Amino acid sequence: MNTKVNRMMNKSKMNNAKGFTLIELMIVVAIIGILAAIALPAYQQYTKKASFSEVKQAVSGLKTAVDVCFAENNSLTACDTIAEVGEAAAGSSTYVASVTLTETTAAIVATATAAGSLNAETYTITPTAANNRLTWAPTCSDTTLC
């Protein structure tokens, strides 16, 4: 009878053993490591694009001024300097180092600061006159940001 009781007690101890084995924990850690290795670069690119959106937004005031100048003069050469468009270039900010208007082409160039991961990237919009209106073509020094 004693062995029967011992067997029953051993069985109940085995049934009460709960938790994770070492291999199960190692598999979970490996899965988390793989997910982190994929997510971290994607997150870094996301934050870089979010910061660069401020640079892209900085050209909007000057772009509107060039559009208005072109509508009044019907000539891009009459709208290729800050004095001609009557608009001050946007000032610097956390992510914007400068915004300039290029003479002869009336292209607007916004340069990012070296803050964060932007590394002085540039955003350029170039106007093209056709049928008495302007169309703007954007280009970026880092094509993943446009």
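Quick note: structure is the one above.
Right, let's walk through the structure included here. (Residues numbered from 1 in each chain as written. Predicted model: local features only at pLDDT ≥ 70, side-chain atom pairs only at ≥ 80, totals over all residues. Heavy atoms only, no water.)

### Topic: the pattern of salt bridges
Formally: Salt-bridge detection follows one rule: a side-chain nitrogen of Lys or Arg within 4 Å of a carboxyl oxygen of Asp or Glu. Only runs of H or I of at least four residues qualify as helices and only runs of E of at least two qualify as strands under DSSP, and these elements are numbered from the N terminus. Whether a residue is buried, partly exposed or exposed follows from its accessible area with a 1.4 Å probe, protein chains only, as a fraction of its type maximum: under 20%, in between, or over 50%, in that order.
Enumeration over the complete set of coordinates arrives at 3 salt bridges. Note that K48 is salt-bridged to E121, the shortest N-O span being 3.9 Å. A residue pair is termed long-range when its members are at least 10 positions apart, and K48 in helix α2 (residues 22-58) and E121 in the loop between β2 (108-112) and β3 (122-130) qualify at 73 residues. The same class applies to K48 and to E121, which are both buried. In this structure, D142 and K48 form a salt bridge, with 3.2 Å as the shortest nitrogen-oxygen distance. With D142 in the segment after β4 (133-140) and K48 in helix α2, the pair connects residues that are 94 residues apart, well separated along the chain. Here D142 matches K48 in class, with each residue buried. In the salt-bridge network here, residues are joined through shared partners; they are K48, E121 and D142.

### Structural notes on the pairing of strand β1 (residues 96-101)
Two faces make up the sheet, and in a regular strand the side chains alternate between them. Defined as follows: At least two DSSP bridges between two strands are needed for those strands to be called paired.
Bridge count for β1 against β2 is 5 bridges, and the pairing is antiparallel. By the bridge assignment for β2, L101 is matched with I108. With antiparallel pairing between neighbouring strands as the criterion, β1 and β2 make up a hairpin whose turn holds 6 residues, including T104 at a positive phi of roughly 75 degrees.

### Considerations on the side chain of D142
The following threshold applies: Residues adjacent in sequence count toward polar contacts only when both atoms are side-chain atoms; beyond that, a polar contact is any pair of N or O atoms within 3.5 Å, and within protein one must be able to donate a hydrogen and the other to accept it. Working rule for contacts: check all heavy atoms of both residues, and any pair within 4.5 Å makes them a contact.
When its relative accessible area of 17% is taken as the criterion, D142 is described as buried. In this structure the side chain of D142 is engaged in a polar contact, spanning 3.2 Å, whose partner is the side chain of K48. With sequence-adjacent residues up to four places away left out, D142 is seen in contact with K48 and E121.

### Regarding helix α3 (residues 60-73)
Applicable threshold: A helix's residues, less one, multiplied by 1.5 Å, set its expected span. Of all possible arcs, the one meant is that of the directions from the helix axis to the C-beta atoms.
The terminal C-alpha atoms of α3 lie 20 Å apart, and with 14 residues this matches the ideal 20 Å at 1.5 Å per residue to within 8%. For α3, every residue scored as buried is listed here: L62, A65, V66, C69 and F70. For α3, the angular spread of the buried residues around the axis is 135 degrees, confining them to a single face. Away from its buried face, by an angle of more than 90 degrees, α3 presents the exposed residues A71 and E72. Looking at the buried side of α3, the elements it contacts are α4 (82-85), β1, β2, β3 and β4.

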